[in-house]
Protein chains: 6
Amino acid sequence: MPIVQIHLMEGRDDAKKERLIAEVTDAICHSLEVKPETVRVIIQEMPKAHFGIGGVSAKKLGR
Amino acid sequence: MPIVQIHLMEGRDDAKKERLIAEVTDAICHSLEVKPETVRVIIQEMPKAHFGIGGVSAKKLGR
Amino acid sequence: MPIVQIHLMEGRDDAKKERLIAEVTDAICHSLEVKPETVRVIIQEMPKAHFGIGGVSAKKLGR
Amino acid sequence: MPIVQIHLMEGRDDAKKERLIAEVTDAICHSLEVKPETVRVIIQEMPKAHFGIGGVSAKKLGR
Amino acid sequence: MPIVQIHLMEGRDDAKKERLIAEVTDAICHSLEVKPETVRVIIQEMPKAHFGIGGVSAKKLGR
Amino acid sequence: MPIVQIHLMEGRDDAKKERLIAEVTDAICHSLEVKPETVRVIIQEMPKAHFGIGGVSAKKLGR
């Protein structure tokens, strides 16, 4: 019964998030040999000012 | 000094969240025998497109 | 479909953790009006050296 | 720069975890169109007494 | 390769968050003797109604 | 009342973790202008087989 949390930069549309949920669930099922209905995926979007790499926000880095 | 994080589907009003905080804190205090002032509760709401069950988002599942 | 994560100091026995899972799930169901089978609870124990309060570990504080 | 956290029941060997990391990273790269080197995966194992489903631990449920 | 997640009450401006990212990354590098480019920081803001202290939300407490 | 969670590779001794808690708490207090007693820090250690970078575990990468 794996629970997956994914932090990613905000800005993707719902179709892309739907694909993310589907493909990550597949990967979990395949590698751990569990059934899809046991898998939960939580997507958490981060604004660019809320993610820091090497001490600088993604916003300031222009990513 | 328990710290509780609750992911739930977005859409509840503040009164319901207040009740959630109160009742979960009570449950923690009762079962772990700790004082209320040591308990912290964090609520994190998920948009329906951000929660996947069995590889499909709650949005697409119509939940 | 709430997912609850509880960080607590290590040292409780399994009976107490079982009670914690039962009572927190009850509190969630009651306050959010959801069914028990939709609730997941994850307990994460912290060694005393891994939890800091006011800049000092619980181990050093003697808690 | 996605960061993925996976909670799963303890008991898999390192080979399976290695496969999990590889396949989930692939799924992330494919669905989000990002490069593998930007992806981080954190595996967090749960003892059976630490995971609750419907108010009962996986240990007590015999899973 | 430390990954830091910071939950804080919403309401700070981007300049303050930038400073937070910079100073926490410095503290990590200094205390753990790692290089800045290996550090990731995620800021997660909480609305006042989403944070409970002693069973009451920060909103209701007027904080 | 910031809550900080730090994932890091296992293997540091308690003195280093104590320093980590102290210095990160200082950085939080300084950058956010909050008092130390409001800050909580949780350290979560990862075995090398549990952290993936670019699809490969830190264990396999020899880090």
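Residues numbered from 1 in each chain as written. Chains lettered and ligands numbered in written order. Predicted model: local features only at pLDDT ≥ 70, side-chain atom pairs only at ≥ 80, totals over all residues. Heavy atoms only, no water.

Can you help me understand the overall build of chain A in this one?
On a plain count of helices and strands, chain A comes out with two helices and four strands. Relative to the compact-globule value of 11 Å for 63 residues, chain A shows a C-alpha radius of gyration of 14 Å, a clear excess of over 25%. Overall, chain A is about 40 × 25 × 15 Å in size when its C-alpha atoms are taken along their principal axes. Burial analysis of chain A (63 residues in total) assigns 57% to the buried set. Within chain A, contacts between residues at least 6 apart in sequence are counted, and of these 58% link residues at least 24 apart. Carbon and sulfur atoms make up 50% of the accessible area of chain A, which amounts to about 2,500 Å² in all. Taking the average location of the 10 positive side-chain charges in chain A and that of its 9 negative ones, the two points are 11 Å from each other. (Helix = DSSP H or I, 4+ residues; strand = E, 2+ residues; numbered from the N terminus. Rg over C-alpha atoms; globule rule 2.2 N^0.38 Å. Buried < 20%, exposed > 50% of the residue type's maximum accessible area, 1.4 Å probe, protein only. Contact = heavy atoms within 4.5 Å. Areas by Shrake-Rupley, 256 points an atom, 1.4 Å probe, with all protein chains shown as cover. Lys, Arg positive; Asp, Glu negative; His and termini not counted. Charge placed at Lys NZ, Arg CZ, Asp CG, Glu CD.)

So what exactly am I meant to see when it comes to the environment of His30(A) here?
The residue His30(A) is located in helix H1 (residues 14-32) in this model. Residues His30(A) and Ile53(A), 23 residues apart in the sequence, show an inter-C-alpha distance of 32 Å.

Would you mind showing me how to read the sheet that holds strand S3 (residues 51-53) of chain C here?
Remark on secondary structure: sheet strands pair via backbone hydrogen bonds, oriented parallel or antiparallel. An order of S4(A)-S3(A)-S2(E)-S1(E)-S1(F)-S2(F)-S3(C)-S4(C) is seen for the eight strands of this open sheet, with the pairing classed as mixed. In the strand order of this sheet, the two ends are held by strand S4 (56-57) of chain A together with strand S4 (56-57) of chain C, each with one partner. As defined by bridge partners, strand S1 (residues 3-9) of chain E adjoins strand S1 (residues 3-9) of chain F across five bridges and the pair is classed as antiparallel. Its bridge partner lying in S1(F), Gln5(E) is registered against Gln5(F). Helix H1 (residues 14-32) of chain E contacts strand S3 (51-53) and S4 of chain A, S1 and strand S2 (40-46) of chain E together with S1 of chain F of the sheet and is inclined by roughly 135° relative to S2(E). Running at roughly 135° to strand S2 (residues 40-46) of chain F, helix H1 (residues 14-32) of chain F makes contact with S3 and S4 of chain C, S1 of chain E together with S1 and S2 of chain F of the sheet. (Pairing = 2+ DSSP bridges. Axes fitted to C-alpha atoms, helices over the stretch in contact; angles between N-to-C directions.)

Sorry if this is basic, but what is going on with the interface of chain D and chain A here?
The figure often quoted for interface size is the accessible area lost as the parts come together. Between chain D and chain A, the residue contacts involve 25 residues of the former and 25 residues of the latter. In this assembly, chain D packs against chain A so that about 2,400 Å² is buried in total across both faces, 61% of it on carbon and sulfur atoms. Looking only at chain D, the three residues that lose the most surface to chain A are Met1(D), Ser31(D) and Leu32(D), adding up to 25% of its buried area. Taken together, chain D and chain A are joined by two salt bridges. Here Lys16(D) ties to Glu33(A) by a salt bridge, and the two come within 3.3 Å at their closest N and O atoms. (Buried area = accessible area lost by both parts, 1.4 Å probe. Salt bridge = Lys/Arg side-chain N within 4 Å of Asp/Glu carboxyl O.)

Even after reading the chapter, I still don't get the pairing of strand S2 (residues 40-46) of chain C, so can you show me in this structure?
Within a regular beta strand, the side chains point alternately toward one face of the sheet and then the other, so they alternate between its two faces. Buried residues dominate S2(C), accounting for six of its seven residues. Both strand S1 (residues 3-9) of chain C and S2(C) contribute to a ladder of seven bridges, which runs parallel. Across the sheet, residue Leu8(C) finds its bridge partner in S2(C), namely Glu45(C). In terms of handedness, the path from S1(C) via helix H1 (residues 14-32) of chain C over to S2(C) forms a crossover that is right-handed. Taken together, the three bridges between S2(C) and strand S3 (residues 51-53) of chain D define a ladder with antiparallel strand orientation. Counted as the bridge partner of Val41(C) is Gly52(D) from S3(D). (Right-handed = clockwise from strand over helix to strand, strands pointing away.)

Looking at this model, I keep getting lost on the interface of chain D and chain E. Mind explaining?
With four residues of chain D at the interface, the matching set in chain E holds four residues. The junction of chain D with chain E conceals about 330 Å² of combined surface from both sides, 72% of it contributed by carbon and sulfur atoms. For chain D, the biggest contributors to the area lost against chain E are Ile3(D), Arg40(D) and Ile42(D); these three give 84% of the whole. The interface formed by chain D and chain E includes zero salt bridges. Summed over the shared surface of chain D and chain E, the result is zero residue pairs in polar contact (both at pLDDT 80 or more). Going through the elements one at a time, strand S1 (3-9) and strand S2 (40-46) of chain D are the ones with two or more residues in the side of chain D that touches chain E. (Polar contact = N/O pair within 3.5 Å; in protein donor to acceptor, adjacent residues only side chain to side chain.)

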